[in-house]
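Structural features, examined
Okay, here's what each chain looks like letter by letter:
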Amino acid sequence: MVYYNELDAYCAAWLGNLIGAGHLPDGHVDARDIRTVGADDLAGYRQCHFFAGIGGWPYALGLAGWAPDRPVWTASCPCQPFSAAGKGAGDGDERHLWPVLRALVAELRPPTIIGEQVASDLGREWLAG
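In this text the structure is predicted, and so the values were computed from the model without any measurement.

Rules of the game
- Residues numbered from 1 in each chain as written.
- Predicted model: local features only at pLDDT ≥ 70, side-chain atom pairs only at ≥ 80, totals over all residues.
- Heavy atoms only, no water.
- Helix = DSSP H or I, 4+ residues; strand = E, 2+ residues; numbered from the N terminus.
- Polar contact = N/O pair within 3.5 Å; in protein donor to acceptor, adjacent residues only side chain to side chain.
- Contact = heavy atoms within 4.5 Å.
- Salt bridge = Lys/Arg side-chain N within 4 Å of Asp/Glu carboxyl O.
- Buried < 20%, exposed > 50% of the residue type's maximum accessible area, 1.4 Å probe, protein only.
- Expected span 1.5 Å × (residues − 1).
- Arc of directions from axis to C-beta.
- Phe/Tyr/Trp six-rings, centres within 6.5 Å; stacked < 30°, edge-to-face > 60°.

1. Here we look at the side chain of Asn-5
For Asn-5, the location among the structural elements is in strand E1 (residues 2-5). Here Asp-30 takes part through its backbone oxygen, which lies 3.3 Å from a polar atom of the side chain of Asn-5. Residue contacts for Asn-5: discarding those within four places in its chain leaves Asp-30, Arg-32, Ile-34, Val-37, His-49, Phe-50, Phe-51 and Ala-52.

Structure representation (structure tokens):
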């Protein structure tokens, strides 16, 4: 079973539709804020997709031949704190949610994590951190 976390109601519903149509691996869509997700909520899931959007990561993994039962966590953390088009607040931006996800990673230690961030100077600082 696959865990999808997506706060945006439209995207969460879209994920459910894609799962129902067989375009994404079967799973549970959790539309809660990641700040309310705990380690116990992730028990039993082999794959976890955070900030899942419309399912780009699980779809790409499927195209790459990554089996749905092979463990992986993916994340496309909000880019606004690090985008050149944003306010440039970086780590000080309330939308910087990597520390929340990092706490879950530290507790549950998934074997593989895949993510991305914008290619701005702030985005590279985030990656270096």
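2. Let's talk about the pattern of salt bridges
Two side chains that carry opposite charge are able to pair once their charged atoms sit near each other. Evaluated as defined, the whole model comprises three salt bridges. Linking Arg-32 and Asp-41 is a salt bridge whose minimum nitrogen-to-oxygen distance equals 3.1 Å. Owing to a relative accessible area of 32%, Arg-32 belongs among the partly exposed residues under this scheme. The salt bridge involving Asp-33 is made with Arg-35; its shortest N-O contact spans 2.8 Å. For Asp-33, a relative accessible area of 19% gives the class buried. Look at the salt bridges and you will find they share partners, linking Asp-30, Arg-32 and Asp-41 into a network.

3. Remarks on helix H1 (residues 9-20)
Between the first and last C-alpha of H1 there are 16 Å, a value that for twelve residues agrees with the 16 Å anticipated at 1.5 Å per step. All buried positions along H1 are accounted for by Cys-11, Ala-12, Leu-15, Leu-18 and Ile-19. Buried residues of H1 fall within an arc of 120° about the axis and therefore sit on the same side. Across from the buried face of H1, at angles greater than 90 degrees, the exposed residues are Ala-9, Tyr-10 and Gly-20. For H1, the secondary structure elements touched by its buried residues are E1 and strand E2 (27-30). Among the residues trailing H1, Gly-22 stands out with phi positive, at a value near 85°.

4. Description of the packing of aromatic side chains
Aromatic rings in a pair are described by how distant their centres are and how their planes are angled relative to each other. Summed over all chains, the structure comprises four aromatic pairs. Relative to Phe-50, the ring of Tyr-3 has its centre 5.8 Å away and its plane inclined at 55°; by these criteria the two rings are tilted. Here Phe-50 lies in strand E3 (residues 47-50) and Tyr-3 lies in strand E1, a separation of 47 residues in the sequence. Like Tyr-3, the residue Phe-50 is buried in the burial classification. Ring centres of Tyr-10 and Trp-14 lie 6.5 Å apart, and the angle between their planes is 10°; this geometry places the pair in the stacked category. One end of the pair, Tyr-10, and the other, Trp-14, are both in helix H1, four residues apart, so they sit about a helical turn from each other.

All we've got here are geometric facts, nothing functional implied.
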